Amino acid sequence: MKRFGHKFTLPLILTALVLAIACLFIGFLNLKKQTTLPSNSNTSAIGIELNQEFDYIDLHQLQDNGISFVYLRSTQGRSYFDDNFLSYRDQIQGTNLAFGSEIYFSNESTARQQYEFFIKKVGLNTGSLPILLQPVTDNLSKSYLKSMAKLVRLFQNCQKKVMVAVSYHYHSYFPANTKFLTDGKKEPNKINYSFWRYTTKGRVKGVAGLDNNVTMYSYNGSVAQYKQRYGQLTQ
């Protein structure tokens, strides 16, 4: 009886394996070039932080690549003002991007001093997003939180919405209607947190200067809620 050999089987299997590995590798490289998105698939709006550490960023290009909002770093304490804040704020007027102003809350100045410096440099054109207060220290002492809460009240007295980048665990220190932002890998509770800072090592596809180390945010609500409160989504 004539036997049929399988001398081509092993080479074919090895070739298929090599091709599969190559496809996975190419897919991985392509994924690394994409915009960094949060782990959940139901995100309604994506945003980034811009500050003077970046070179010039084309905001129209940013909008065309799926970014819906930006937080502009503004002041820290009573002496630091980001060099690019005003130029970015002016450029945003010609786009559909929503924006907000970000304050790094100092532990070396009073709430009143920081408020007055911010108003002097920024004024009341703070954007449609809540003003974001970002702690500059990990030591969230009772006195520090109370001082931050005073700054929240000062802005609320001007009919401004304010969000703090601290755990909702500290909500009792802050006045009513204060919003909260959180970070971490998991999608946060939608009741307690309005926005989610899901990475500080992100990138935005197709935008020069935003290849790495981009702080990225996600609105922690529905598309309809975002459109009602902050503006249209970019595509």
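See the structure printed just above.
To keep things clear, this report deals only with the structure shown in the data block.

Rules of the game
Residues numbered from 1 in each chain as written. Predicted model: local features only at pLDDT ≥ 70, side-chain atom pairs only at ≥ 80, totals over all residues. Heavy atoms only, no water. Helix = DSSP H or I, 4+ residues; strand = E, 2+ residues; numbered from the N terminus. Buried < 20%, exposed > 50% of the residue type's maximum accessible area, 1.4 Å probe, protein only. Contact = heavy atoms within 4.5 Å. Areas by Shrake-Rupley, 256 points an atom, 1.4 Å probe, with all protein chains shown as cover. Polar contact = N/O pair within 3.5 Å; in protein donor to acceptor, adjacent residues only side chain to side chain. Core = buried A, V, L, I, M, F, W, Y, C linked by side-chain atoms within 4.5 Å. Salt bridge = Lys/Arg side-chain N within 4 Å of Asp/Glu carboxyl O. Phe/Tyr/Trp six-rings, centres within 6.5 Å; stacked < 30°, edge-to-face > 60°. Lys NZ or Arg CZ within 6 Å of the ring centre and 35° of its normal.

Describing the overall build of the protein
Thought 1: In terms of helices and strands, the protein carries six helices and nine strands.
Thought 2: By the burial criterion, 45% of the 235 residues in the protein qualify as buried.
Thought 3: Intrachain contacts of the protein at a sequence separation of at least 6 include 65% that bridge at least 24 residues.
Thought 4: For the protein, the exposed area adds up to about 13400 Å²; of that, 52% sits on carbon and sulfur atoms.

Digging into the side chain of Arg203
Thought 1: As for its position among the elements, Arg203 is in the loop between β8 (195-202) and β9 (214-219).
Thought 2: We classify Arg203 as buried; its relative accessible area is 13%.
Thought 3: Within the structure, the side chain of Arg203 is placed 3.5 Å from the backbone oxygen of Gln34, a separation counted as a polar contact.
Thought 4: From its side chain, Arg203 meets the backbone oxygen of Asp211 in a polar contact 3.4 Å long.

Quick look at the nonpolar core
Thought 1: Counting residues in each nonpolar core, the largest one holds 46 residues, and the members touching the most others are Ile48, Leu50, Leu62, Leu133, Phe174 and Leu210.
Thought 2: Once residues lying within four places of it in the same chain are set aside, the contact partners of Phe174 are Leu145, Met148, Ala149, Val152, Val164, Val166 and Phe180.
Thought 3: Ranked by size, the runner-up nonpolar core spans 15 residues in total, among them Ala45, Leu132, Phe195 and Tyr217.

Quick word on the pattern of salt bridges
Should the charged atoms of two oppositely charged side chains come close, the side chains can pair.
Thought 1: Considering all chains together, one arrives at three salt bridges under this definition.
Thought 2: Across the salt bridge formed by Glu187 and Lys190, the nearest N and O atoms sit 2.8 Å from each other.
Thought 3: Across the pair Arg203 and Asp211 runs a salt bridge whose closest N-O atoms are separated by 3.4 Å.

Remarks on the environment of Leu37
Thought 1: Its location among the elements puts Leu37 in the loop between α1 (9-32) and β1 (46-50).
Thought 2: By relative accessible area, Leu37 is classed as exposed at 56%.
Thought 3: Counting along the chain gives 166 residues from Leu37 to Arg203, while the straight-line C-alpha distance between them is 9.0 Å.
Thought 4: When residues no more than four places from it in sequence are discounted, the contact partners of Leu37 are Ile46 and Tyr198.

Some thoughts on the packing of aromatic side chains
Within a pair of aromatic rings, the relevant descriptors are the distance that separates the centres and the angle that separates the planes.
Thought 1: Counted under the stated rule, the structure contains 18 aromatic pairs.
Thought 2: Aromatic pair Phe81 and Phe85: ring centres 5.9 Å apart, planes at 55 degrees, arrangement tilted.
Thought 3: Its relative accessible area of 1% is what places Phe85 among the buried residues.
Thought 4: When the ring of Tyr168 is compared with that of Tyr193, the centres are 6.5 Å apart and the planes differ by 70 degrees; the resulting orientation is edge-to-face. Linking Tyr168 in the loop between β6 (162-164) and β7 (179-183) with Tyr193 in the loop between β7 and β8, this pair joins segments that are 25 residues apart in sequence.
Thought 5: For Tyr168, a relative accessible area of 27% gives the class partly exposed.
Thought 6: Its guanidinium or amino end placed over the ring of Tyr104, Arg73 lies 3.8 Å from that ring's centre, counting from NZ or CZ.

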